[in-house]
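Here's the letter readout for the chains.
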Amino acid sequence: MDLGIEGNAALVTAGTAGLGLASAEALAREGCDVAVCGRDADRLARAEDRLAATGDGDVLAVSADITEHDEIEGFVGKTIQTFGRLDHVVTSAGGPPSGSFLDTDDEDWYHAYDLLVMSVVRTVRAAHPTITEDGGGTIVCITSRSVQEVIDELVLSNAVRRGVIGLMKTLSHEFAPAVRTNAVLPGAHETGRIEELVEDAVERGDYEDYGAGLDDWADDVPLERIGEPRELGEAVAWLCSERASYLNGAAVPVDGGSTRSV
Ligand SMILES: NC(=O)c1ccc[n+]([C@@H]2O[C@H](COP(=O)([O-])OP(=O)(O)OC[C@H]3O[C@@H](n4cnc5c(N)ncnc54)[C@H](OP(=O)(O)O)[C@@H]3O)[C@@H](O)[C@H]2O)c1
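Nothing here was measured: the structure is a model prediction, and the numbers come from that model.

A. Local environment of the site of the ligand. Thr16, Leu19, Arg161, His189 and Thr191 are the nearest of the 28 residues found near the ligand. A distance of 2.7 Å is found between an oxygen atom of the ligand and a side-chain nitrogen or oxygen belonging to Thr16. Here an oxygen atom of the ligand sits 3.1 Å away from a polar atom, N or O, in the main chain of Gly187. Ranked by the residues each element gives to the shell around the ligand, the list is headed by helix α7 (residues 192-204), at three residues. Of the residues in the shell around the ligand, the class split is 10 nonpolar, 12 polar and six charged. Viewed by domain, the shell around the ligand spans two of them, domain 1 (9-188 + 228-254) and domain 2 (190-226), each represented by three or more residues.

Take a look at the structure:
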């Protein structure tokens, strides 16, 4: 299926690994110019190589910490300057630390808010003047299925990410019709983040080893496996595309059916 976005320009925050990178790859496969940001220099270089090998569009990899206001502005500005346009904004982030409520202090909560919510606020604010030009564009926020059903030992994700859904819904009204804004709610996809969460659970004594932890996560999924990052990235690219032209304000689970609420 031709997604109709060839020649568009996209940026993906925290896009040098995991679900952000998978989204950037899916957009690159569709012929978009793609910019990603992250902090670690090796990861940035590896992501740039992978993206360059994926599609025919231009690639930009920028060192930026999305908890820092100036660095986000720099990333968005450099993307617009390099590509001369901006059609699609995809927001990913690192994951907040796992743990229960009593494990967290004020600093953890403020850091999670900067990482998960203010990074989206600042990216969208910087992108808005350009993304509304030339027929408009799209915003897709990568959040978590934790916004629909709380997940044990993930209090920061459960509580703080809901701010992104409120923001996404508001933008779907305020920025329409020029810009469609949606969110994806990943279940478990095998990335560095999932390795970290399963290893934390092994350390807490919840599982005997990493393999047992991964099997347990898959047990809860009707499709009987955890997802590949590519499967989330393709949903993101589709939401950015002409093929999803009447989707606006939607929070789309990409979780193999593991969320039980409707
Ligand atoms: N994987 C899943 O199954 C799953 C499920 C539900 C929700 N999620 C959520 O989806 C998001 C992405 O998860 P993932 O699995 O893709 O994680 P990941 O594999 O750990 O990748 C995280 C990416 O974010 C970058 N990053 C982290 N902190 C950053 C910062 N402050 N500034 C800039 N870049 C930053 C990392 O690069 P650097 O460290 O080099 O900066 C890396 O590129 C997270 O919020 C996660 O909690 C994931």
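B. Summary view of the sheet that holds strand β4 (residues 88-91). On the basis of which strands lie adjacent, the open sheet formed by seven strands has the order β3-β2-β1-β4-β5-β6-β7 and parallel pairing. The open sheet has two edge strands, β3 (59-63) and β7 (251-254), and neither has a second partner. Strand-to-strand twist of the sheet, defined as the mean angle between neighbouring strand axes without regard to direction, takes the value 15°. Strand direction decides the pairing type here: strand β2 (residues 33-38) and β3, joined by five bridges, are parallel. Looking across to β3, one finds that Val36 is bridged to Ala61. The strands touched by helix α9 (residues 229-240) within the sheet are β4, β5 (137-142), β6 (179-186) and β7, with β6 carrying the most contacts at an inclination of about 165°.

What counts and how
Residues numbered from 1 in each chain as written. Predicted model: local features only at pLDDT ≥ 70, side-chain atom pairs only at ≥ 80, totals over all residues. Heavy atoms only, no water. Near = heavy atom within 4 Å. Polar contact = N/O pair within 3.5 Å; in protein donor to acceptor, adjacent residues only side chain to side chain. Helix = DSSP H or I, 4+ residues; strand = E, 2+ residues; numbered from the N terminus. Nonpolar A, V, L, I, M, F, W, Y, C, P; charged D, E, K, R; others polar. Domains from an automatic or database assignment. Pairing = 2+ DSSP bridges. Axes fitted to C-alpha atoms, helices over the stretch in contact; angles between N-to-C directions. Contact = heavy atoms within 4.5 Å.

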